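Fold and geometry: a report
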Amino acid sequence: MVNLTELPAAVDDVLDGFFQATAPILEAIYPTVGEGGDALRDFVMTGGKRVRPLFVFAGRQCAAAGPPLANGDKITLIETPDELRETLRVCAAIELIQACALVHDDILDRSDTRRQNPTVHRRFEAVHADRGWASDSGHYGDSAAILIGDMALAWADDLFHGAMPTPDAVADPPHRPIPFAASAVWSRMRTEVLAGQFLDITNEVSGDESLTAAERVMAYKTAAYTVARPLELGATLGGASPELCAELHGIGIDLGIAFQLRDDLLGVFGDPAETGKPSGDDLIAGKRTALLAVALDAASDADARLLRSSVGRPISDAELAAARDVLIRSGAVAEIERQIADRRDVGLARIDALDCPAAARADLTSMAHRVTSRNK
């Protein structure tokens, strides 16, 4: 059995086993196809906070019917090895959806780096250029990365349903069917994150500066997918009541929006050494964040013009500093920090009131602080 601290390593073990199983299948198709699988494996296994698996696991813990079992310094609320394998498999599957989302997001944002490494489309662009292949390197990089992201999404479903790849396409060991309630949450989550991403890019090009539009993106692209649905997914795996699942979903929305608001601040003020992305990346990409919406609503006309001129284009260090000054001077940074604290505190109060094992509440409380106070 594992506890919340040990979970990321356990999920990595599942992912590593999955990539080892898929490697010969892709290699047998053609060596360059195998290189595509290598790129996805490197992307998934290098960095990543494993936030979504942690919330799946925390939700599964909340579904435990009785008190936790003590096992030395470990606490387990998942009672059988089969239950643990199933939970870890679902935790790994959600990381593959995250890989799909990030690989595609980096193309949409024209990002060069992720986790201090070249993004997947830039990696394939470099391969094309280094080998002197025909046509345009940039187009090849984007095309290859789109397909790699699609592969991650397909493999996520395979893992979720226990269809572990083997050369003879036989799952070993056999897995029990995923409960219908968990499958329904999984399906809804995939739809929401893709719809949220579509809304995000539409807001960018339409210039929608409203707080309502920014909040919709936060709710569906991030909050539901990062915290609310993973919590609900874990709880449904354990057969939790509809009432508990609904309450966990509500807690997840509060914490997920706080998570995204923190991300908005890091997207402009974050240290590249910590975030793995250039500072000011959200401004350059033209992200219509809640931070930007609040600032534009509160700023003077001159400051609003300066801020608008800094969105959606490459900017110098001096221009970034000036934009940051506007965000601070307008009171937007302080307002976003207030909203983060409010969402966190509401979430913490709801966690305290949960009818679930004390150890599960403690883990959720720890996670709430972790996702709202992070620096990367």
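Because the structure is a prediction, the values reported are computed rather than measured.

Summing up its helical and strand segments, the protein chain has 16 helices and 4 strands in all. Relative to the globule expectation of 21 Å for 376 residues, the C-alpha radius of gyration of the protein chain, 21 Å, shows essentially globular dimensions. Each principal axis of the C-alpha distribution contributes one length, and for the protein chain these read about 65 × 60 × 35 Å. In the protein chain, buried positions account for 49% of the 376 residues. Nonlocal contacts in the protein chain, meaning residues at least 24 apart in sequence, comprise 75% of its contacts between residues at least 6 apart. Counting only carbon and sulfur atoms, one obtains 55% of the accessible surface of the protein chain, whose full area is about 16600 Å². One way to put it: in the protein chain the 37 positive side-chain charges average out to a point 2 Å from where the 56 negative ones average out.

As a further point, take the side chain of Arg 89. With respect to the helices, strands and loops of the structure, Arg 89 is situated in helix α4 (residues 81-108). Buried charge without a partner: Arg 89 forms no salt bridge, and the closest opposite charge is Glu 86, 4.9 Å away. Within the local environment of Arg 89, its side chain forms a polar contact with the backbone oxygen of Leu 159, the two atoms lying 2.7 Å apart.

What follows concerns the side chain of Asp 200. In this structure, Asp 200 sits in helix α7 (residues 180-206). According to the relative accessible area criterion, Asp 200 is buried, its value standing at 5%. Once residues within four sequence positions are removed from consideration, Asp 200 is found in contact with Val 217, Lys 221 and Lys 287.

Taken as a whole and assessed by the stated rule, the structure comprises 33 salt bridges. When the shortest N-O distance is used, the salt bridge between Arg 85 and Asp 82 registers 2.1 Å. Within this pair, Arg 85 and its partner Asp 82 are both found in helix α4, separated by 3 residues, close to a single helical turn. When salt bridges that share partners are traced, they join Asp 105, Asp 109, Asp 200, Glu 204, Lys 221 and Lys 287 into one network.

This part is about helix α16 (residues 358-372). With 15 residues, α16 extends 22 Å between its outermost C-alpha atoms, agreeing within 8% with the 21 Å of an ideal straight helix rising 1.5 Å per residue. For α16, the complete set of buried residues consists of Ala 359, Ala 360, Asp 363, Leu 364, Met 367, Ala 368, Val 371 and Thr 372.

We now examine the nonpolar core. Among the nonpolar cores identified, the biggest contains 73 residues, and Leu 96, Trp 186 and Leu 364 are the most heavily contacted of them. The leading source of residues in this core is α4, at 14 residues. Among all residues touching Trp 186, those that are not within four sequence positions of it are Ala 93, Ile 94, Ile 97, Ala 156, Asp 157, Phe 160 and Leu 233. Grouped together as the second largest cluster of nonpolar side chains are 28 residues, Leu 291, Ala 295, Ala 299 and Ala 304 included.

Applying the stated rule across the entire model yields 1 cavity of 30 Å³ or more. Of the pockets and cavities examined, the largest cavity occupies roughly 40 Å³. As for the largest cavity, its lining consists of Asp 264, Val 268, Asp 282, Leu 283, Lys 287, Thr 289, Leu 291, Leu 292 and Leu 327. Residues of the lining of the largest cavity, tallied by class, amount to 5 nonpolar, 1 polar and 3 charged.

Let's shift gears to the confidence of the model for the protein chain. Here the protein chain shows a mean pLDDT of 90. Residues at 70 or above account for 93%. When mean pLDDT is taken per element in the protein chain, helix α5 (residues 120-130) scores highest with 98 and strand β2 (residues 74-76) scores lowest with 40. Predicted confidence for residues 66-76 stays below pLDDT 50, and this span has 18 contacts to residues more than four positions away or in other chains.

This part takes up the state of the cysteines. In a disulfide, the sulfur atoms of two cysteines are held together by a covalent bond. Using the criterion set out here, one finds 0 disulfides in the structure. For the unlinked cysteine Cys 62, the closest cysteine sulfur is that of Cys 356, found at 4.0 Å. A residue is classified by how much of its surface remains accessible, and Cys 62, at 2% relative accessible area, is buried. For the unlinked cysteine Cys 100, the closest cysteine sulfur is that of Cys 91, found at 19 Å. Cys 100 gets classed as buried once you look at its relative accessible area, which sits at 5%.

Next up on the list: the packing of aromatic side chains. Within a pair of aromatic rings, the relevant descriptors are the distance that separates the centres and the angle that separates the planes. Per the stated rule, a full pass over the model turns up 6 aromatic pairs. For the ring pair Phe 124 and Tyr 140, a centre distance of 6.3 Å and an interplane angle of 80° mean the geometry is edge-to-face. Separated by 16 residues along the polypeptide, Phe 124 in helix α5 and Tyr 140 in helix α6 (residues 137-160) bring together distant segments of the chain. We classify Phe 124 as buried; its relative accessible area is 7%. On the accessibility criterion, Tyr 140 (29% relative accessible area) is partly exposed.

Conventions and cut-offs
Residues numbered from 1 in each chain as written. Predicted model: local features only at pLDDT ≥ 70, side-chain atom pairs only at ≥ 80, totals over all residues. Heavy atoms only, no water. Helix = DSSP H or I, 4+ residues; strand = E, 2+ residues; numbered from the N terminus. Rg over C-alpha atoms; globule rule 2.2 N^0.38 Å. Buried < 20%, exposed > 50% of the residue type's maximum accessible area, 1.4 Å probe, protein only. Contact = heavy atoms within 4.5 Å. Areas by Shrake-Rupley, 256 points an atom, 1.4 Å probe, with all protein chains shown as cover. Lys, Arg positive; Asp, Glu negative; His and termini not counted. Charge placed at Lys NZ, Arg CZ, Asp CG, Glu CD. Salt bridge = Lys/Arg side-chain N within 4 Å of Asp/Glu carboxyl O. Polar contact = N/O pair within 3.5 Å; in protein donor to acceptor, adjacent residues only side chain to side chain. Expected span 1.5 Å × (residues − 1). Core = buried A, V, L, I, M, F, W, Y, C linked by side-chain atoms within 4.5 Å. 1 Å grid on protein atoms, 1.4 Å probe; cavity = no way out; pocket = protein on both sides within 12 Å on 5 of 7 lines; lining within 4 Å. Points joined across faces, edges and corners; volume = space filled by probe spheres on them. Nonpolar A, V, L, I, M, F, W, Y, C, P; charged D, E, K, R; others polar. pLDDT = per-residue confidence, 0-100. Disulfide = S-S within 2.5 Å. Phe/Tyr/Trp six-rings, centres within 6.5 Å; stacked < 30°, edge-to-face > 60°.

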